[in-house]
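Letter by letter, the chains look like this.
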Amino acid sequence: VLQPEKPRQPRIIAIANQKGGVGKTTTAINLGAALAKAGHEVLLIDLDPQGNASTGLGLAPEARRLTTYDVLIEGAPIRNAIRDTAQERLRVVPATVDLSSADLELVGKERRSFLLRSAIRPSQLAELGVDYVLIDCPPSLSLLTVNAMVAAHSILVPLQSEFFALEGLSQLMLTVREVRQTANPDLRIEGVLLTMHDARNRLAQQVEADARETLGELVFTTVIPRNVRVSEAPSYALPVLDYDPGSKGAMAYASLADELRRNHTRLAA
Ligand code: ADP
Ligand code: MG
């Protein structure tokens, strides 16, 4: 825990899927907490106007003095918007409902897709001592999500193990391709994460088999089970890793963090 294997440079990972309710925010909070517990400095950027990640980490609305909105639209320095959470090494840039007007306000701006990238330049992240940046995207392929893809090294795609889960992926991949062609040629797919998985459910088994067959190595070995402790944790303003460390959900997110770290060690080698 004291001397984690650090990525050579901060990794910026956008957690994206235009479908709502697939586990983006849950993954941002719990993967963030698991990486922090492994000794990494983690910054979670809440890019969803619903602010669920901020709430789930215990940031009361009045504690959200400066938010992602101020950073993107008003040009506030990101370090002024960063808040600590109860979890050591896990910090957050909170969001409020203000952010819902950002898409419209961005339309007129010349560098509208590059605002987040400008806000988290490597020099700024180095100054903050951040190892991982996790961006919790809204449930759309809006300019906010595009900002995340332009700023990120990779995207992590949570996929709920249900019928039609794979269909939304092609649209997401079109956006990824567009971003690669225009703004961020090196954007990688970090991985597709099966979430809310019920291993006894035939349909879920089928979705997993299909995903592994069509996407191969892109699918994380770790699967996140459906687990009531995961859904209870946010109402206690805690990651599930603190709320119930022995739960299946907590162990799955810890294993996801290990898998991710191994991939980065391999990439850096
Ligand atoms: P998104 O950010 O993609 O909209 P959320 O992370 O908010 O999705 O998850 C949607 C709902 O599903 C939330 O109520 C959350 O608590 C619940 N949920 C997410 N992951 C799990 C899980 N592994 N087990 C049980 N419930 C989950
Ligand atoms: Mg969400």
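Residues numbered from 1 in each chain as written. Chains lettered and ligands numbered in written order. Predicted model: local features only at pLDDT ≥ 70, side-chain atom pairs only at ≥ 80, totals over all residues.

With an unreviewed UniProt entry as reference, the protein chain is termed Chromosome partitioning protein ParA, source organism Rhodosalinus halophilus. Here is the UniProt Function (unreviewed entry) comment for the protein chain, exactly as written: "Involved in chromosome partition. Localize to both poles of the predivisional cell following completion of DNA replication." (UniProt positions renumbered as here; feature names shortened; annotations may be inferred.)

Engineer: Describe the site of ligand 1, naming the residues involved and giving the relevant values.
Structural biologist: Around ligand 1 sit 17 residues, and of these Lys24, Thr25, Thr26, Val230 and Ser231 come closest. Broken down by secondary-structure element, the contributors of at least two residues to the shell around ligand 1 are helix H1 (24-37) and helix H11 (228-232). Per-element accounting of the shell around ligand 1 gives the leading share, 3 residues, to H1. Within the shell around ligand 1, the residues separate by chemical class into 5 nonpolar, 10 polar and 2 charged. (Near = placed C-beta within 6 Å. Helix = DSSP H or I, 4+ residues; strand = E, 2+ residues; numbered from the N terminus. Nonpolar A, V, L, I, M, F, W, Y, C, P; charged D, E, K, R; others polar.)

Engineer: Explain H1 residue by residue, including any values.
Structural biologist: The terminal C-alpha atoms of H1 lie 20 Å apart, and with 14 residues this matches the ideal 20 Å at 1.5 Å per residue to within 8%. In the stretch just after H1, glycine 39 is the one whose phi turns positive, near 105°. (Expected span 1.5 Å × (residues − 1).)

Engineer: Break down the UniProt feature "domain: AAA" (unreviewed entry) in the protein chain for me, citing the residues and quoting the values.
Structural biologist: Per the UniProt record, "domain: AAA" (unreviewed entry) is annotated on residues 11-189. Structurally, residues 11-189 comprises 40% helix and 17% strand, and the distance from its first C-alpha atom to its last is 13 Å.

Engineer: How would you summarise the pairing of strand S4 (residues 90-93) if you had to cite specific residues and measurements?
Structural biologist: Alternating residues of S4 divide into Leu90 and Val92 and Arg91 and Val93, and every residue in both groups is buried. Pairing between strand S2 (residues 42-46) and S4: 4 bridges, direction parallel. Looking at S4, one finds that valine 42 is bridged to leucine 90. Remark: 5 residues form the turn of the hairpin made by strand S3 (residues 83-84) and S4, two consecutive strands paired antiparallel; arginine 89 in that turn has positive phi of roughly 70°. (Buried ≥ 20, exposed ≤ 12 C-beta atoms within 10 Å, placed from the backbone. Pairing = 2+ DSSP bridges.)

Engineer: Which residues make up the packing of helix H8 (residues 143-151) against helix H9 (residues 167-182), and what values go with them?
Structural biologist: Taken N-terminus to C-terminus, the directions of H8 and H9 make an angle of 55°; their axes are 10 Å apart at the nearest point. On the basis of the axis angle, H8 is oblique to H9. Here H8 runs over H9; the crossing is right-handed. Across from Val146, Met149 and Val150 in H8, the residues of H9 making contact are Thr175, Val176 and Val179. (Axes fitted to C-alpha atoms, helices over the stretch in contact; angles between N-to-C directions. Parallel < 35°, antiparallel > 145°, perpendicular 65-115°, else oblique. Left-handed = near helix turned anticlockwise from the far one by under 90°. Contact = placed C-beta atoms within 7 Å.)

Engineer: Kindly report on the sheet that holds strand S5 (residues 132-136), identifying the contributing residues and their values.
Structural biologist: The 7 strands lie next to each other as S3-S4-S2-S5-S1-S6-S7, forming an open sheet whose pairing is mixed. Unpaired on one side and paired on the other, S3 and strand S7 (188-195) mark the two borders of the sheet. Of the pairings in the sheet, the one linking strand S1 (residues 11-15) to S5 comprises 5 bridges and is parallel in character. Looking at the pairing, isoleucine 12 lines up with valine 133 of S5. Sitting on the sheet, H1 is in contact with S1, S2, S4, S5, strand S6 (154-160) and S7, with an inclination near 165° to S5.

Engineer: If you had to explain the pairing of S7 to someone new, which residues and values would you point to?
Structural biologist: Across the 8 residues of S7, 6 count as buried, placing the element largely inside the fold. Where S6 meets S7, 7 bridges bridge the pair, whose relative direction is parallel. The residue of S7 that forms the bridge with proline 158 is leucine 193. Crossover S6 to S7 through H9 is right-handed. (Right-handed = clockwise from strand over helix to strand, strands pointing away.)

Engineer: How would you sum up the environment of aspartate 258? Please name residues and give values.
Structural biologist: Looking at the element boundaries, aspartate 258 is found in helix H13 (residues 248-268). The class of aspartate 258 is partly exposed, set by 14 C-beta atoms lying within 10 Å.

Engineer: Can you break down the nonpolar core residue by residue, with the values?
Structural biologist: By size, the foremost hydrophobic cluster in this structure holds 81 residues, and its most contacted members are Ala14, Val133, Leu134, Ile135, Ala148, Met149 and Tyr253. Ignoring sequence-local partners within four residues, the contact set of alanine 148 consists of Ala14, Ala16, Leu47, Leu116, Ile135 and Cys137. (Core = buried A, V, L, I, M, F, W, Y, C linked by C-beta atoms within 7 Å.)

Engineer: How would you explain unusual backbone geometry if you had to name every residue and give the values?
Structural biologist: In this structure, arginine 89 is a non-glycine residue whose phi angle is positive, near 70°. Here arginine 89 shows up in the loop between S3 and S4. Of note in this structure, methionine 196 is not a glycine but carries a positive phi near 50°. Taking the number of C-beta atoms within 10 Å as the measure of exposure, methionine 196 has 22 and is therefore buried.

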